[in-house]
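Spelled out, the chains give:
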Amino acid sequence: MNPWRNFQQQPWSILFLVAGMTVLFGAIADQFLVLLLGQSEAANTLLSPLFSPPWGEVMPFLVGLGLGVLGVLLAQRQRSRLMLNSGTLWALVLCLLVSVIVKSAILPYGILQMSGVTLTGIIVGVFWKGRPYWSR
């Protein structure tokens, strides 16, 4: 089978909708956290260890992992319009990548930023949660 044809036949509009909703939820949570840390000394004291070493180094991976899992969960809800398989999972990773890049350009602060570590987390999250769809 022609890989380019398979790439072109992906349900891009649905996948970008799923990725956009996923990153929107992530951005809302991210901005809420930024607001909470800026406004509440108690929250800042409680949550500051999460943003300093060693957890601060792992946090972008965990954020990406959460986005990947949430993306697959939202894609599963589109089962009537979206057939999940390994090709659509990779297409979802690409859509999530583009959505996070756009979010990072619009809101260049917070935890949810594009990096190699975040991308790795997204890939792990998508394929960990999407494991039942690998062989389809």
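Residues numbered from 1 in each chain as written. Predicted model: local features only at pLDDT ≥ 70, side-chain atom pairs only at ≥ 80, totals over all residues. Heavy atoms only, no water.

Q: Hey, could you go over a nonpolar patch on the surface for me, with residue numbers and the actual values?
A: A contiguous nonpolar patch, built from Trp4, Phe7, Phe16, Leu94, Val98, Val102 and Ile106 and spanning about 640 Å² of accessible area, is present on the exposed surface. Those elements that provide at least two residues to the nonpolar patch are α1 (3-8) and α5 (86-106). Sorting elements by how many residues they give to the nonpolar patch places α5 first, with four residues. Relative to the elements of secondary structure, Phe16 occurs in helix α2 (residues 12-39). Since its relative accessible area comes to 34%, Phe16 is described here as partly exposed. (Patch = residues over 30% accessible without salt bridge, like charges linked within 9 Å, V, L, I, M, F, W, Y side chains within 5 Å. Areas by Shrake-Rupley, 256 points an atom, 1.4 Å probe, with all protein chains shown as cover. Salt bridge = Lys/Arg side-chain N within 4 Å of Asp/Glu carboxyl O. Helix = DSSP H or I, 4+ residues; strand = E, 2+ residues; numbered from the N terminus. Buried < 20%, exposed > 50% of the residue type's maximum accessible area, 1.4 Å probe, protein only.)

Q: Just give me the short version of the packing of helix α4 (residues 55-76) against α5, but keep the residues and values in it.
A: Between α4 and α5, whose axes approach to 11 Å, the crossing angle comes to 120°. Judged by the angle between their axes, α4 and α5 are oblique. α4 and α5 meet at a crossing whose hand is right-handed. Contact residues: α4 offers Leu67, Gly68, Gly71, Val72 and Ala75, while α5 offers Leu89, Leu92, Leu96 and Val100. (Axes fitted to C-alpha atoms, helices over the stretch in contact; angles between N-to-C directions. Parallel < 35°, antiparallel > 145°, perpendicular 65-115°, else oblique. Left-handed = near helix turned anticlockwise from the far one by under 90°. Contact = heavy atoms within 4.5 Å.)

Q: Talk me through the pattern of salt bridges; I want residue IDs and the actual numbers.
A: Summed over all chains, the structure comprises one salt bridge. A salt bridge links Lys103 to Asp30; its shortest N-O distance comes to 3.5 Å. One end of the pair, Lys103, is in helix α5; the other, Asp30, is in helix α2, and 73 residues separate them in sequence.

Q: Break down the confidence of the model for the protein for me, citing the residues and quoting the values.
A: Counting all residues, the mean pLDDT for the protein is 91, and 99% of those residues have values of 70 or more. Within the protein, helix α3 (residues 41-47) has the poorest average pLDDT of any element, 81, and helix α6 (residues 116-129) the best, 96. (pLDDT = per-residue confidence, 0-100.)

Q: Could you give an account of α2, naming the residues involved and the relevant values?
A: For α2, built from 28 residues, the straight-helix expectation of 40 Å at 1.5 Å per residue is met to within 8% by its first-to-last C-alpha distance of 40 Å. What α2 keeps buried is the set Trp12, Ile14, Leu15, Val18, Ala19, Thr22, Val23, Gly26, Ala27, Asp30 and Leu37. Looking at the buried residues of α2, the elements they touch are α1, α3, α4 and α5. (Expected span 1.5 Å × (residues − 1).)

Q: An account of the packing of aromatic side chains is requested, with residue identities and associated values reported.
A: Within this structure, the stated rule accounts for four aromatic pairs. With 6.3 Å between their ring centres and 35° between their planes, Trp12 and Phe16 make a pair best called tilted. On the criterion of helical spacing, the pair formed by Trp12 and Phe16 is a turn pair, its members being four residues apart in helix α2. Ring pairing ties together the aromatic residues Trp4, Phe7, Trp12 and Phe16, which thus form one cluster. (Phe/Tyr/Trp six-rings, centres within 6.5 Å; stacked < 30°, edge-to-face > 60°.)

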